[in-house]
Every structure is written in C-alpha cells, then in structure tokens.
Amino acid sequence: MDGNTMLNNRNDSDNSIFPNPSQFDDNYCVSSADCSGDFNLDFGNSSYTQYACRRPCEMNERGCSKIPRGSAKIRQGPTPRQKYSLQPVFHERSKHEDDSLLSNNLWKLARKTGTLNLTNKGMARVPERLYDINEADADSKRADLVKLSINEEDAWWNQVPINNLDLSSNALTHISPKIENLLTLTVLQLHDNALVSLPPEIGKLEKLVRLNLSHNKLSELPAEFYSLPELRHLNISHNEFLELNPDISNLHMLEFLDAGNNNINTVPGGIGFLVRLTALLLANNHIKELPTDIVNMRSLQKLDLMKNDLIALPEDMGLMRKLECLYVQHNDIKELPTFEGNEMLSELHASNNFIESVPQDLCANLPHLKIFDLRDNKITQLPDEICLMRNLNRLDLTNNSISVLPVTLSSLAHLISLQVDGNPIKTIRRDILQCGTARILKTLHDRAQAKIREEGGADEEAPCSSRSSTGSQGAMNNLPNNMTDSYQQKGSYMHSYPCQCQCQYQQFMQQQYGAYSPLFNPSPQYMPQDFEQRHQFLYDNPYMPHSLFPLRQETYFNGKHIPDCVPMRGVQQRTFEQPHLVYKLRHTRTLAVNLENLTNVPEHVFQLASSENVHVVDFARNQLGSLPQGLQLMSNLVTELVLAHNVIASVPTFITQFTRITFLNLSNNQIRDLPNEFGVLNTLRELNIANNRFEFLPKGLYELQGLEILIASENHIKALNVDGLKGMPRLSTLDLRNNDIEFIPPILGNLTNITHLELVGNPFRQPRHQILMKGTDAIMSYLRDRIPI
C-alpha cells in the first residue's frame, strides 16, 4: 500500500493520528516508497519518523512527486524535532530520586511489620527519612486522639520497631552514621552493593543477629564492629579483605562465618575462641597455614578451605569431634591426617591435591564417612582397610595412579558410586570398568571368593587383612561386623571371609544360626579336636564374633546337643554386653549389621541400642522378611533407617510412630504399598523405595509436606498423580526411571519446586529421549509448552 492510499483510508476527523493529505502542498511528496527524507508525525506525546520529503519535486504518473534524475537537489535545513523529556536509563541518581523510593506505602508497611525491603532499587544513597522510621511521624504528632482512634492501625502505639532491613543489590558506597538510630535491627542485608567502608556507629546495633556484607569492596571493618554482642551470622565473602582481624575472636556468639572469595593470606590465632561456630567458610583465598587453635572449635560442623594454598592439615583434627563436612580440594596438600576422633565426619573432599597415599588408620577412624573424594591426586595404592568405611556411598578415585583395586571394596554394602577413570588399572578389563560400579564390585567379590577357596583363607592378601603389624590391633577393635578381622597368633595371620566357612564347625554354625561371620578363622592346629572343648575355646576367646547370635533354641552337631547356655552366654552376651561394643554404640550412635543373612533380630538388641541413644539403624543386605518388631522400642530415637536389599514384602503401620525419622531406605525389597497413615511422618526428608513392586505411588506419600527427595525408580509405576505431587511443596528430586509410565501429564511442568527429574527408561513417547538427556529444565519447559490453553 502506498502513502496516498494509506492516508486516504484514514478518518478525516480530528482524532485521526495521521495528517490529511490536503495539508500538504501539491509540490510536496508524501509517498515513502519513491522518496526519502524525514517527516514527523505527531502521535500525542511521542514523535515517530516516516520516510517522506518536503522539497519541491515533479509529480510522476502515479500522482506522486519525484525529483527528476540529474536535477539539482535543493537542500533545506534540518527538520526541527520534538524535544524529549526522558532521562537515559544509566545516569547518576540524585538525592531527590533516592529519597522518593521510600514511598508512604512502604513507610506504613514497614511500621506495621517491622520489615523494610528496598532491594534492587538502584539507590546510590540511603533515603534520609529511613533513619527516623522508629520515630513518630509528623501526621501522628499532629493528630488528636479522636483521629487516631478512627485509624487506630496507623496510630503510634501500634507501630512495630524496624528489625529487618534489606538494602541489597543497589549502588550504595557508604552508610550514614545515622544507622545508630536503628537500634532495634536484628537483620541487616547489605550485600551486592559498592560499599568501601562502614561507619563506626554500626557497633551500636547491639541487637544485630544477622549481617550480610558479601559482594562489596570492603577491605576492613571498624574496630567498633567487633563488639556486637549478639551477632551470630556474618557473611563478608566476595570482598577485598587481606586478612581477618584478630578481634574477630571477640564475636563470642558467632555461629556462621563466610569469608570466602577474598585475598586473605593468614587466619588469626585467636579464631579458636569462636567455640560456638558451626560453619567456617574460607574458600577461594590464599591461606597457606591454619592456626593451631582452630581445632578448639568443638562445635564446628562444616569447614570449607577449598582453593587455597594449604600444604598440610593439623594433625589433631580429631579434636573437632562434631565435624561433618570438610572441603580441602584444590590445595597443595601432600598427606592426610588420620582424623582420629572425627567419627561424625560424613564428607571428605580432597580432590586436586598432591596426596600420595591413604593412611590405614584413617579408614578405621571414619566409620560414618559417606563421600570420599580423592580425584586428581597422586595416589598409587589403596589400603585393604578401606573396607572399614562401612557407610561409604561414593568413592571418587578418578585421575590417580592406582594400578590395583583391593578386593575388600566388594564388602562395602552401601557403595553405589565408584569412580576409577584415569587410572592405569591392569588387573580388571576395560570393558568391566566401563560397566560401572556394580560390575566392578561383583568382579572383586568373585576374585575374593576364588582366592579364599584356593588358599584356604591363610593368605596375607585376604580381604581386610593388615599388611603390617603396626596398628593392626587398633584396627581389629574397629572392624565392622560384615568384615573379616586379623588375628595374630604365633607370628602368623589367620583370616576368613563372610559366609565362606572353611571348617565343618563354621558350616554348621552358618546353617544353624543363619549368620556366622567369625572375627578369625582358627586353623586346625590351634583348634581343640573335642567338640565341647571347641565350644569352650570360642566362648573364652576375646575376639568372639560380634554378629553371632542364635536364631533357634536347640541345635545339634554330629548328633551331639549344644546346650542353649553356650551360644547365649558365649555369643549373645558377648555381642551386646562387651564393653568395647557398648562404647562403640555410645560414640557412633549407630547399630549396623550388614551382609549377615539375618532373618530376624532379637528384641534385646534394640533395647541395648535404645539405652545408648542410637539414632541410626542399618540392616541392609540381609534376609529380613519384615521389619523387626523390636524397632518400635526406638521409634522416638531413630533418624535414619536403612533396610535396603532384604526380602521385605510389607511395611507395618508402626513405622508411623517414628516421629524423628529424616531418612528411610527401603530399596531392593518386595514391597507393593505403604500404610495409608504414612503421611504423618512430617520429619521425613528423603525416601528411597527403588527396585520394589510398586504399581503406583502410595497415597500416603502425597501428605509428606517435608519430603525433599523421592527415589522410586525400578518399579512398575504406570501413571503419575500430578495433583498429589502438588501437595508436596518441598519436593526437589523425583526419580522415576525404569518404570511403566506411558504418559507424562504436561501440567507436571508447572511444579517449579522440582529441580531434578529423572524419567529415562519409561515407555512414553513424549518427551523424546533427546529432551530427557538435556536435563530437568528442558523437560519442564517442554511440558509447559504443551499445556492446553
């Protein structure tokens, strides 16, 4: 459509936004197709530019003027343009603009709730009015009692002192000394600004509990700051600090300190006085050495020292008995301490260092370790004592120099991830290594059994044996029930392997008692030949097996009756009344019996565990057909319950009595459903029901308001109940791999709380496999795009 047609089709009324062609002279062109130039059309307050010209020209055959080729062009002055009143987006804020951000509505809301949020406003200055927010405003002072009674909610007596102030994500460079007027502040957020200093008056905020100064340009804090008596949470990460002020030890109430991503070279010696500190984060600095008194932080649970210049860790790290997570990756550490005393340590990340070996004593001292990251080091050999880390879930040995894997790895009942890529392993074929953890462990297990059958259990390379006499006695007392021990007699070691009975007596005990894992395998020359004497020998032996207890009342061997008192006194009593076992329960708070083929657990076992306040119960990899009834005695204690790899067919209703449970693992059983009352477990955070016989997600699951992780892979689930999943607001991980789901409802994409979704291995056609491989974000986006409007 040409310019004339467009203009003629417009309404000639005064409200038309396009001018009428009659307004132009005949010698002017209004066709944008044939001419060029600037023509301003006034659209109210805006000015739009159209291509036209306002210079004399000739009319062409279409009624449009056109300048003849070769004719002289008449130049005119520039067309006057309308002046803009808009400010550029990026400009220096004026004081008036910053003050106007604190509107009357925000002012009233802050006075009612005690919270003021001015985040991400682009402020260069804090509004002056803010510092007087705890004072009565002018309107309240002028109003009489009658007016205040009409608007009682705005009256001064209903005001709440400001206690939470958020000024983050602005352009603040300084804070006014008037900050001292806000004496009631408990939370102050100043992160993501451009602060270069703080006023000394900040030390007068005596009620301040939480302060975030991260992502600024601070290089020091005023001396008055270190006198804050109630400060518990301090974040000064991503600044320009060169050191931590020794006065930081005066913050006696401090529980959390994040000073990562600075240029800190040293840590002051007095930091050990922060005895209430539970988390110390010093990542991404230049720290070369830790002060000796850092181990005095007896409450410390998380220590992050990654990406520094450390060359060693303190030898007495064991004094930090509550330490749970230690991050020392990307340093220059050459040797790990033994961590004697760190029994609560569950995560040890030591990748990208120069570690050459793993101490044998370290393995015995970390019974609760679940994650052990040793990738990108210089380790050449793993000790056989690695089997003592009975709770190990993930072991990363990527990119080391290991050539042989110890067969004792196969006895780790909870090991689900073993990474050995980048090692010169020659004893295991490459195709087996590429098959993953399960295949590697099966290969090691088969080799261990074959070696025992060939050598009769007397080889020094038998599973879990000690290679040297030093430390063997200490390791013996810490061996788990499912592992073999080393028993030294007359200068030689004698070993056995679980369930691989080498003598007739062991075979008998294995058959009669259902579980026999001796701590030593006495060779014939040391075993009495008479049967009754054998009993007395085992009864009196100080290393009687901890896992042995009778499951039958009467037993016979070669036609001879075994008195009931023998196994009861010689086994059961020693198992649960020996001082060192009670000590172990008391200090580890864990009852764990794995790989013992148990079919039942006596009630007095749980009585003993309950008396020692045990909160972790682990009976994985046995033959339990149901939950032991004795578990009810620990319903108010257990926080973690592991019953994976059994033959459990149903879950009794008394499971709902576990009011403190946070982790429940029922994977690899034969369960089809859960009790309807299961939803009352409001403390449950992680549930694993993988590899069972579920055809649908039980109804009780949808009432678990606090559940964060649900693993239901390897079942027969046929459909998803998205409405039920909506009732689980904290669910972040949902694993439904390898089920029978034929359709994924698009509305699943609206559950934004799910950040990790696994759907591979189901028979549905959409989403396609390529989308599933892109991750959760791609899956959720795909589903949202297909929600019908």
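See the structure above.
Residues numbered from 1 in each chain as written. Predicted model: local features only at pLDDT ≥ 70, side-chain atom pairs only at ≥ 80, totals over all residues. Heavy atoms only, no water.

K.L.:
A description of the packing of aromatic side chains should follow, citing residues and the corresponding values.
P.N.:
Inspection of every chain in the model, using the stated rule, returns two aromatic pairs. On the numbers, 5.4 Å between centres and 85 degrees between planes, the contact of Phe 225 with Tyr 226 is edge-to-face. Comparing Phe 225 with Tyr 226 shows no difference in burial state: the two are buried. Ring plane angle 65 degrees and centroid distance 6.0 Å describe the contact between Phe 606 and Phe 619, whose orientation is recorded as edge-to-face. Remark: Phe 619 occurs in the loop between strand 23 (616–618) and strand 24 (640–642) and Phe 606 occurs in helix 14 (residues 603–611); sequence separation between them is 13 residues. The ring of Trp 107 has Arg 129 sitting right over it, with the charged end atom 4.1 Å from the ring centre. (Phe/Tyr/Trp six-rings, centres within 6.5 Å; stacked < 30°, edge-to-face > 60°. Buried < 20%, exposed > 50% of the residue type's maximum accessible area, 1.4 Å probe, protein only. Helix = DSSP H or I, 4+ residues; strand = E, 2+ residues; numbered from the N terminus. Lys NZ or Arg CZ within 6 Å of the ring centre and 35° of its normal.)

K.L.:
A description of the side chain of Asp 735 should follow, citing residues and the corresponding values.
P.N.:
One can find Asp 735 in strand 28 (residues 733–735). A residue is classified by how much of its surface remains accessible, and Asp 735, at 7% relative accessible area, is buried. What Asp 735 contacts, discounting residues up to four positions off in sequence, is Leu 710, Ile 711, Ala 712, Ser 713 and Glu 758. (Contact = heavy atoms within 4.5 Å.)

K.L.:
How would you sum up the side chain of His 191? Please name residues and give values.
P.N.:
Within the secondary structure, His 191 is located in the loop between strand 7 (187–189) and strand 8 (210–212). Each residue touching His 191, except ones within four places of it in the same chain, is listed here: Ser 168, Ser 169, Asn 212, Leu 213, Ser 214 and Asn 216.

K.L.:
Talk me through the pattern of salt bridges; I want residue IDs and the actual numbers.
P.N.:
Counted under the stated rule, the structure contains twelve salt bridges. Between Lys 204 and Glu 180 there is a salt bridge, and its shortest N-O distance comes to 2.8 Å. Taken together, the residues span a long stretch of sequence, with Lys 204 in the loop between strand 7 and strand 8 and Glu 180 in the loop between strand 6 (164–166) and strand 7 at a distance of 24 residues. Judged by relative accessible area, Lys 204 falls into the partly exposed class, the value being 45%. You can call Glu 180 partly exposed: its relative accessible area is 26%. For Asp 723, the salt bridge is made with Lys 726, and the minimal N-O distance between the two is 3.9 Å. Here Asp 723 pairs with Lys 726, and both are found in helix 15 (residues 722–726), just three residues apart, close to one helical turn. Look at Lys 726 and you get partly exposed, because its relative accessible area is 46%. Salt bridges sharing partners connect three or more residues here, namely Glu 230, Arg 232 and Glu 255. (Salt bridge = Lys/Arg side-chain N within 4 Å of Asp/Glu carboxyl O.)

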